[in-house]
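So the chains spell out like this:
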Amino acid sequence: MSIELLGTVEIGRAISRMAHEIIERNRGVEALCLIGIQRGGVYLAERLAERIHAIEGVRPPVGRLDVSLYRDDLSLRREAPRIKETDVPFSLNEMRVVVVDDVLFTGRTIRAALDALMDLGRPALIQLATLVDRGHRELPIKADYAGKNIPTSRSDLVKVYYSEEGENDRVLLFNAGELQS
Amino acid sequence: MKKDLLGIRELSAEDIQHVLDTASGFKGVLERDIKKVPTLRGKTMVNLFFEPSTRTRMSFELAGKRLSMDVANVSVPSSSVVKGESLLDTIRTMEAYGADIVVIRHASSGVPHLLSGSVAASIVNAGDGFNEHPTQALLDLFTIRQHKGRLEGLTVAIVGDVAHSRVAKSNVYAMGKLGMTIRLIGPPTLIPSGVESLPGVEVYHTMEEGLPGADVVMQLRIQKERQEGGFFPSIHEYADLYILNSRRLAMARPDAIVMHPGPLNRGVEISSDVADGERSVILDQVQNGVAVRMAVLYLLAGGWVSSGTSGQQEELASSA
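Note that the structure is predicted; figures quoted are calculated from it, not measured.

Caption draft 1: Region of the structure containing the overall build of chain B. Helix and strand counts for chain B stand at 13 helices and nine strands. Over its C-alpha trace chain B gives a radius of gyration of 20 Å, about what one expects of a compact globule, namely 20 Å for 320 residues. Seen through its C-alpha atoms, chain B measures out along the principal axes to roughly 55 × 55 × 40 Å. Sorting the 320 residues of chain B into buried and exposed places 46% on the buried side.

Caption draft 2: Local environment of the overall build of chain A. When helices and strands are counted, chain A shows four helices and eight strands. Written out in order from the N terminus, the α and β elements of chain A read β-α-β-α-β-β-α-β-β-β-β-α. Considering only C-alpha atoms, chain A reaches an extent of 50 × 40 × 30 Å along its principal axes. A burial count over chain A gives 41% of its 181 residues as buried. Restricting the contact set of chain A to residue pairs at least 6 apart, pairs at least 24 apart contribute 67%.

Caption draft 3: Here's a closer look at the interface of chain A and chain B. Counting from both sides, the interface comprises 17 residues of chain A and, opposite them, 20 residues of chain B. The set of elements that each furnish at least two residues to the side of chain A that touches chain B consists of α3 (108-120) and β7 (157-161) of chain A. In the side of chain A that touches chain B, the residues fall into 10 nonpolar, one polar and six charged.

Caption draft 4: Summary view of the environment of K3 of chain B. Residues and elements named next belong to chain B. Position of K3 among the secondary structure elements: in the segment before α1 (13-30). Sequence separation of K3 and V296 is 293 residues, and the distance between their C-alpha atoms is 11 Å. The contacts of K3, once residues within four sequence positions are left out, are S116 and S122.

Caption draft 5: The pairing of strand β4 (residues 96-104) of chain A, seen in detail. Residues and elements named next belong to chain A. For β4, a buried count of nine out of nine residues is recorded, marking the element as mostly surrounded by other parts of the structure. Where strand β2 (residues 32-37) meets β4, five bridges bridge the pair, whose relative direction is parallel. In the sheet register, I35 faces β4, and the bridge partner there is V99. Crossover handedness for the path β4 to α3 to strand β5 (residues 125-133): right-handed.

Caption draft 6: Looking closely at the domain arrangement of chain B. Residues and elements named next belong to chain B. In terms of domains, chain B is made up of domain 1 (13-132 + 286-306) and domain 2 (134-284). Contacts between the two partners involve 21 residues from domain 1, matched on the other side by 19 residues from domain 2. The greatest single-element share of the side of domain 1 that touches domain 2, amounting to seven residues, is contributed by helix α12 (residues 282-302). For the side of domain 1 that touches domain 2, a count of residues per class yields 10 nonpolar, seven polar and four charged.

Caption draft 7: Up close: the sheet that holds strand β1 (residues 2-6) of chain A. Residues and elements named next belong to chain A. The strand order across the open sheet built from three strands is β1-β8-β7, with neighbouring strands paired in antiparallel fashion. Two strands in the sheet have a free side with no partner beyond their single neighbour: β1 and β7. Strand after strand, the sheet turns through a mean of 30° between neighbouring axes, direction not considered. The pairing of β7 with strand β8 (residues 170-174) spans five bridges and is classified as antiparallel. In the strand pairing of β8, L157 is matched with F174.

Caption draft 8: Layout of the sheet that holds strand β3 (residues 101-106) of chain B. All names here are of chain B. One open sheet holds the four strands; their spatial order is β2-β1-β3-β4, and the pairing between them is parallel. Two strands close off the open sheet at either side, each with one partner strand: β2 (70-75) and β4 (122-128). On average, adjacent strands in this sheet sit at an angle of 15° to one another, irrespective of strand direction. Both strand β1 (residues 44-49) and β2 contribute to a ladder of six bridges, which runs parallel. Bridged to L48 within β2 is V74.

Caption draft 9: Focus on the packing of helix α2 (residues 55-66) of chain B against α12 of chain B. Residue and element names in this part refer to chain B. At a minimum axis separation of 8 Å, α2 and α12 run at an interaxial angle of 55°. One element, α2, and the other, α12, form an angle in the oblique class. Between α2 and α12 lies a crossing of right-handed hand. Seen from α2, the contacting residues are R55, S59, F60, L62, A63, G64 and R66; seen from α12, they are V286, G289, V290, R293, M294 and L297. A class-by-class count of the residues in the contact of α2 with α12 yields seven nonpolar, three polar and three charged.

Caption draft 10: Structural detail: the nonpolar core. By size, the foremost hydrophobic cluster in this structure holds 146 residues, and its most contacted members are L48 of chain A together with V102, V217 and L297 of chain B. Top contributing element to this core by residue count: α12 of chain B, with 12 residues. Setting aside anything within four residues of it in sequence, one finds V217 of chain B in contact with A157, V159, L211, L244, L249, A252, A256 and V258 of chain B.

Caption draft 11: Up close: α3 of chain A. Residues and elements named next belong to chain A. Compared with the 18 Å implied by 1.5 Å per residue over 13 residues, the 19 Å span of α3 between its first and last C-alpha is a close match. Where α3 is concerned, the buried positions are T109, I110, A112, A113, A116 and L117. Looking straight down α3, one finds its buried side chains confined to an arc of 155°; they lie on one side. Contacts made by the buried residues of α3 are with β2, β3 (62-65), β4 and β5.

Caption draft 12: Spatial organisation of the packing of α1 of chain B against helix α5 (residues 134-148) of chain B. Residue and element names in this part refer to chain B. Where α1 meets α5, the axes come as close as 10 Å, and the angle between the chain directions of the two elements is 65°. The orientation of α1 relative to α5 falls into the category roughly perpendicular. Helix-helix and strand crossings are classified by hand; for α1 and α5 the assignment is right-handed. Contacts between α1 and α5 involve I16, V19, L20 and A23 on the former and, on the latter, L138, L141, F142 and R145. Partitioning the contact of α1 with α5 into residue classes produces seven nonpolar, no polar and one charged.

Caption draft 13: Here's a closer look at the environment of E56 of chain A. All names here are of chain A. Inspection of the secondary structure puts E56 in helix α2 (residues 40-56). Each C-alpha atom, one on E56 and one on V29, is 7.7 Å from the other, the two residues being 27 residues apart in sequence. If we ignore the near neighbours within four places in the chain, the residues touching E56 are I23, G28 and V29.

Reading the values: the criteria
All chains use their own residue numbering, which begins from 1 and follows the written sequence. As a convention, the first chain written is A and the first ligand written is 1, with the rest following in written order. Owing to the predicted nature of the model, reporting of local features is limited to residues with pLDDT of at least 70; listing and counting of side-chain atom pairs is limited to 80 or more, with chain, interface and lining totals taken over all residues. Counting from the N terminus, the helices are DSSP H or I runs at least four residues long and the strands are E runs at least two residues long. Atoms counted for the radius of gyration: C-alpha only. Globule rule: 2.2 Å times residue count to the power 0.38. Using C-beta atoms placed from the backbone, we call a residue buried if 20 or more other C-beta atoms fall within 10 Å of its own, exposed if 12 or fewer do, and partly exposed for counts in between. Once C-beta atoms have been placed from the backbone, residue pairs whose C-beta atoms lie within 7 Å are recorded as contacts. All amino acids are sorted into three groups, where Ala, Val, Leu, Ile, Met, Phe, Trp, Tyr, Cys and Pro are nonpolar, Asp, Glu, Lys and Arg are charged, and the leftover types, Gly among them, are polar. By definition, two strands form a pair when at least two bridges between them are found by DSSP. With its strands directed away from the observer, a crossover is right-handed exactly when the path from the first strand over the helix to the second travels clockwise. Bear in mind that the domain bounds are from an automatic or database domain assignment. Lines are fitted to the C-alpha atoms to define the axes, a helix being fitted only along its stretch in contact, and any angle between axes, read from their N-to-C directions, falls within 0 to 180 degrees. The cut-offs work like this: below 35 degrees is roughly parallel, past 145 is roughly antiparallel, 65 to 115 is roughly perpendicular, and the gaps in between are oblique. The handedness criterion is simple: a crossing whose near helix is rotated anticlockwise from the far helix by less than a right angle is left-handed, and one whose near helix is rotated clockwise is right-handed. Buried Ala, Val, Leu, Ile, Met, Phe, Trp, Tyr and Cys residues whose C-beta atoms connect them within 7 Å together make up a nonpolar core. Helix span, expected: 1.5 Å multiplied by one less than the number of residues in the helix. This arc is taken over the directions from the axis of the helix to the C-beta atoms.

In structure tokens form, the structure reads like this:
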């Protein structure tokens, strides 16, 4: 059995609120861009950009980032991760970059994303938006914008489903024991 | 889990597609200002070349360096091999230095296969005798896919000294597995007998018969010393019959691309106007070679699982 942490309506509201917070914190959308981490972060970045467009009348550019090549756990994995597309079709120099990921957990993916971004340019600043912050950080990283903070057990699995992949938007929590079956 | 890349013969169609898909990600890295990623930091690669090579060796070296590997180059004239060290001792020494991947080129067919069972390091075949040159075939396929958007159903003419070409052999194996048609064109002395029984292969002895309808024309390098072997009467006669010039290229499909593994013998197997023309993708092949070799090194060092079922577990693990 899994527990639904967020449903379609809550996800929509969270994205709406985060869009407002991003605009407020950055005092508008000047030099703002969103970078989604493959894959879920890319969907969320696109949705945030749509919401920001609806509010401000300007759509910030959206890039997609795959962090596989910057991970620190390649030697611990059985299989090399499949490399997805990195596409940042604009300069990051002097931009205010909001990195978007779906689940913030150990922080290691964000560490990899920061290194990857630094190889692409020199942003003015980098902020972090995440749909779910489930705790258990292993690095000094925190979210600037979080859809929901959810205490979890370290061995749980949090999975996000997207309408872009033909599912109903929702966030589910699976307990560790049930993953075996 | 795959340890080595010995030849295309050992790969499935899915394996080949997996390498090409992975290489697409690395092509993006090569197009950036900073053409380097930290992925294989701490890993060591040795280029062990028993035959002269400029481009393949440099391509592997750049591939390794752009993945942040430590790369050492060993070429025969400066190695202990000339002092009589055996192949196995040489490669065990490389391993004792901490080599995770050994890229090997040798004049004898089967040397990479012989060594692969004796060391824990991954062996990558960079050309063994008349047998195979798998990374060249992979970069050729990657280049064809880049320009044609697909591979299955395409017709590729491979022209020249097929019998002595490890490039041609690896391509024939790969293209057959991917559902492509391979037209081998050359004098009967330079086409291996019985080759037409391999999947997808057709044999022609003239360009006029073989080129019409081809989507890709791949010219092979003719080695001038073959003339002394009696495989053809003279280099001039060979050039008359098999050079790819603009008149002959017009017989292939109007959107056909021109390929060559290099180095070029201009005026022998390819004319300069075709080699430098707008349908030539020869320099794309060179660039793509680095991306494809990065993909091979990445997969071998990071874990190359051939079955399609492991992907789902990976998906679950990465979303955690």
